[in-house]
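Coordinate analysis (summary)
Here's the letter readout for the chains.
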2 protein chains.
Amino acid sequence: MVEDVRPGPAESPEKPLSLKARLFDISTGIDIVVLNEDEAHEHDLFAADRVRVEHEGKELVCILDLSSTLVRRGEIGLFLDSSQALGTKRDEAVFVRHAVPPHSIELIRKKMDGSYLNEKEVNTIVGELMDNQLSEVELASLMTSFYIRGLNSDETVSLTKAIVNSGDTLKLDEHPIVDKHCTGGVAGNRTTMVLVPIIAAAGLYIPKTSSRSITSASGTADTMEVLANVTFELEEMRRIVRKTHGCVVWGGAMNLASADDLLIRIRHPLRLDPMGVMVASVLAKKKSVGAEYVVIDIPVGRGAKIESMDAANELARMFIDISGRLGMKSEVFITYGRDPVGEGIGPALECRDVLNALQGKGPADLTEKSCKLAGAVLELCGKVEAGKGYDVAMGLLGSGKAYEKMLQIIEEQGGNPKVKVDDLPIGQYRYEVKAEADGRIHLVDNKIVNRLARAAGAPKLKGSGMLLHVESGDKVKKGQPLFELISESETKLSNALDLLKTVQPIEFEKVILGKMGETGIFEWKPKEA
Amino acid sequence: MVEDVRPGPAESPEKPLSLKARLFDISTGIDIVVLNEDEAHEHDLFAADRVRVEHEGKELVCILDLSSTLVRRGEIGLFLDSSQALGTKRDEAVFVRHAVPPHSIELIRKKMDGSYLNEKEVNTIVGELMDNQLSEVELASLMTSFYIRGLNSDETVSLTKAIVNSGDTLKLDEHPIVDKHCTGGVAGNRTTMVLVPIIAAAGLYIPKTSSRSITSASGTADTMEVLANVTFELEEMRRIVRKTHGCVVWGGAMNLASADDLLIRIRHPLRLDPMGVMVASVLAKKKSVGAEYVVIDIPVGRGAKIESMDAANELARMFIDISGRLGMKSEVFITYGRDPVGEGIGPALECRDVLNALQGKGPADLTEKSCKLAGAVLELCGKVEAGKGYDVAMGLLGSGKAYEKMLQIIEEQGGNPKVKVDDLPIGQYRYEVKAEADGRIHLVDNKIVNRLARAAGAPKLKGSGMLLHVESGDKVKKGQPLFELISESETKLSNALDLLKTVQPIEFEKVILGKMGETGIFEWKPKEA
């Protein structure tokens, strides 16, 4: 690395700049102040430098932005976050001086140069991240370095621990505590909501936190929300789990593994997910709820989060290694991720699949996958002897115990324990697409299914989404229903239909279903609505 | 790289969102708009996505920011740059739809993954950079990838060409055209202003563009500005060079190698200067003025930009290789960069050294270094036979021809051709620091000298800075003057004195000059002012 000649980072003994506050009614999420460019340069202050900003005894470290037009000499521009933190009003005096830059800058360079970071160094970075001391540029550089250089086992363990320590942890005296995770990307994949009641009915403890959808048609938390409340404080979650042995709540409502949310802020815009960071992020959430046994599902296939077997194998090895070093016993399943799971896509439609599965009449793929994973959990913690897990899980479904347990969890989470499949609020606006010719289904595209369901209103409109009538490998006849678009809103359904003109959720193996029109757009021409 | 499952980047056929403009009186330098978070997510729009924003027939691609508080549903927040570009007024209707993300994102990933970029790909990145299409996060990731993966020779050539093509170029029919460059970091190093008139007097053409100081006490453009105007259009520069054979003007005033300024925007906050990018940046400037022969000075030493011989050698090899491939013949000198050059630090004080040197009475180090480099230029282009360059350069100094040439250049640049050293505006507020004991000078610290001179007012106050009376290796007696702080402003001098209490611009080899006080601050205790 080539150093530039800017003045040293030490706190300057020079008199602080005294400036008059100008307030900008904008929240920036990170503390930024704006100075006049010329004035700043005269005081050896440069863009992206850290400054200590002081107002009536309160102090804040901010990142410096410069402008030659917006802020005059003698003025300082404060954004909403900073002016509120300092309690500064317009035209009040604010003092500015150099601040020591965060230690992370040196550590990011160290990582960039190919060194590994020790536990203390990783803690420093996560600590400064939690204190909002790192700019987006610095975080982008860190993530890029993590991606290119990779994280070794020690670094991943350190990062996981640091993320755990950045938030609260669930303390349960009951044992064994188990958990499951899915890396995601498969539409309708609601195994969690089938697995949790099976595991709880078997007498294990499963304090399951789930996420809401960001880009998919529904997250487990969105789907569970159709049946019950999912937003709880940590203490409430503890009460529910102690009583029912399980729960399905929204992780984002609690302060578990807080640093992870901040790391995601950068991973998302860059679409960059260094494997070590991903593993740390997942395992920190498991460790935060005290899990001792963890089963991980990695769906592989086009459209899933992990698209190649090589990547899946590497990720699996890392999960096993790191969870072991954190005192958790784990097992990883690489699963078929090319097709959506179940029939419904969207919160209420997925709930229908889940409730059906729990009553032994659900979609076969959802039932089988959930019981395989539940069986693995039962075997992993020694509750059931090896090879018997799946049968025990199926037995808990068949006996109705898992269903009863689900109703108990729903009740404890403030939902209606008498809920019936037919009560679920499914949208009234529907559009069925049928096969235009005979053929065999080659692929049901997860990404496009998600887009269509979102266009129809999912996950916000709980009863919106899609109902899939076929899966890949199925032979279909001309006129046979392929899928339905469903929405609670007529406008949203029409949006989804507009989108349908340009995308192809289902690919056939051989038969041509439409043709390229003059506009270059694939024409579906479904014949009836 | 692990892909996330967000919807595809294709432009959406969905109806555009119709929103009411809310204006924020803030310039962001890059086109950013703010949408309500919930509303955006419902339309598959996520933070850092690109959107096409349309208003009354005008269209702009912007980066999306989300807020749950600042912008209500149905509103769009526009910053100054975007609202001006679109001509949007408050409450007017604005339409938003998905935009195709810049191609650079895929190319940055490619670089991240260890591939090399071809010429077309480098052009794409520089083109999108010039169109303000890349966010700071993406640029940070690009620079980090360039730094870690390195740029190979082809990539560096492509980048140099792309930077050249991003701006204007100087067209001169006269030959030979020569240039010189210094990588920087050494205080008072004004060899350019001595070398240019020597070269011009020898009959070569040297269209020299220089920079202003960012972090040092003065840039060559700041120093030359004491004697003449330095801000010219390209055509004016051409006229001056054709007439006098040389010039010393501010490069920032012209549109040469424009992309470089945008790249520096990211290199500075990260203090990250990937070698290939640095070489491309320097050579693009040389190529832009049509240089055929280039001499490069790499000062090495603590406080200089390049601190190790290894780095200097690698950089030198790269300069030779890349300039050759761009059709320029070059020679690189690695020079002693541990000490400031000349006596004066700060614009007017440096001018005094330069004018003295041109009259054969200048500081020995400045004269010698300038003539060595000028001699190398003369030999490189075949004007003077090998081994004779230095003598010829010294001869042009001794005969007064270089001095005359300098006066002619000053006149053509609108300055006073009768300028005398004693006319130079040197600050009246002075503070002399003397040795407290006998000893030998170990080091004069470039970075601290720069900081002190800036605290005293340089480069803004032209007559402010420092005068150095010693250099490393000198033996000094107790009471002998070491240096003077000089300022046009009493307040600024007092700022510099405050700073002086905490820093040590001159290190002695053995003798203790002060002691650590109770406050832990090094006390200088100079005895007289």
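Summarised in this report is the structure supplied together with it.

Thresholds applied
- Residues numbered from 1 in each chain as written.
- Chains lettered and ligands numbered in written order.
- Predicted model: local features only at pLDDT ≥ 70, side-chain atom pairs only at ≥ 80, totals over all residues.
- Helix = DSSP H or I, 4+ residues; strand = E, 2+ residues; numbered from the N terminus.
- Rg over C-alpha atoms; globule rule 2.2 N^0.38 Å.
- Buried ≥ 20, exposed ≤ 12 C-beta atoms within 10 Å, placed from the backbone.
- Contact = placed C-beta atoms within 7 Å.
- Pairing = 2+ DSSP bridges.
- Axes fitted to C-alpha atoms, helices over the stretch in contact; angles between N-to-C directions.

Below, the discussion takes up the overall build of chain A. Tallying secondary structure elements over chain A gives 18 helices and 18 strands in all. For chain A, the C-alpha radius of gyration of 27 Å lies close to 24 Å, the compact-globule estimate for 529 residues. Counting only C-alpha atoms, chain A reaches 80 × 65 × 45 Å along its principal axes. Buried positions account for 55% of the 529 residues belonging to chain A. The contacts in chain A between residues at least 6 apart in sequence include a share of 78% that link residues at least 24 apart.

Next up on the list: the sheet that holds strand β10 (residues 293-300) of chain B. All names here are of chain B. Reading across from one edge, β7-β10-β11 is the order of the three strands in this open sheet, with parallel pairing throughout. Two strands close off the open sheet at either side, each with one partner strand: β7 (178-182) and β11 (329-336). Adjacent strand axes in the sheet meet at a mean angle of 15°, parallel and antiparallel pairs treated alike. Pairing of β7 with β10 involves five bridges; the strand directions are parallel. The residue of β10 that forms the bridge with Cys-182 is Asp-297.

Moving on: the pairing of strand β6 (residues 93-98) of chain B. Residue and element names in this part refer to chain B. With four bridges connecting them, strand β1 (residues 17-24) and β6 associate as antiparallel partners. Its bridge partner lying in β6, Lys-20 is registered against Ala-93. Note: strand β3 (residues 50-55) against β6, four bridges, orientation antiparallel. The partner of Arg-52 across the bridge, within β6, is Arg-97.

Moving on, we come to unusual backbone geometry. The peptide bond linking His-175 of chain A to Pro-176 of chain A adopts the cis configuration, its omega dihedral lying at -10°. Tracing the backbone shows Pro-176 of chain A in the loop between α6 (153-165) and β7 (178-182). With an omega of 0°, the peptide bond between Ala-458 of chain A and Pro-459 of chain A qualifies as cis. Structurally, Pro-459 of chain A can be placed in the loop between α17 (446-455) and β15 (465-468). In this model, Glu-56 of chain A sits at a positive phi of 45°, which is unusual for a non-glycine residue. Its place among the elements puts Glu-56 of chain A in the loop between β3 (50-55) and β4 (58-67). If you check the backbone angles, Asp-91 of chain B has positive phi at about 70° while not being a glycine. In this fold, Asp-91 of chain B is placed in the loop between α2 (80-86) and β6. Residue Asp-91 of chain B is classed as exposed on the basis of its 10 C-beta neighbours within 10 Å.

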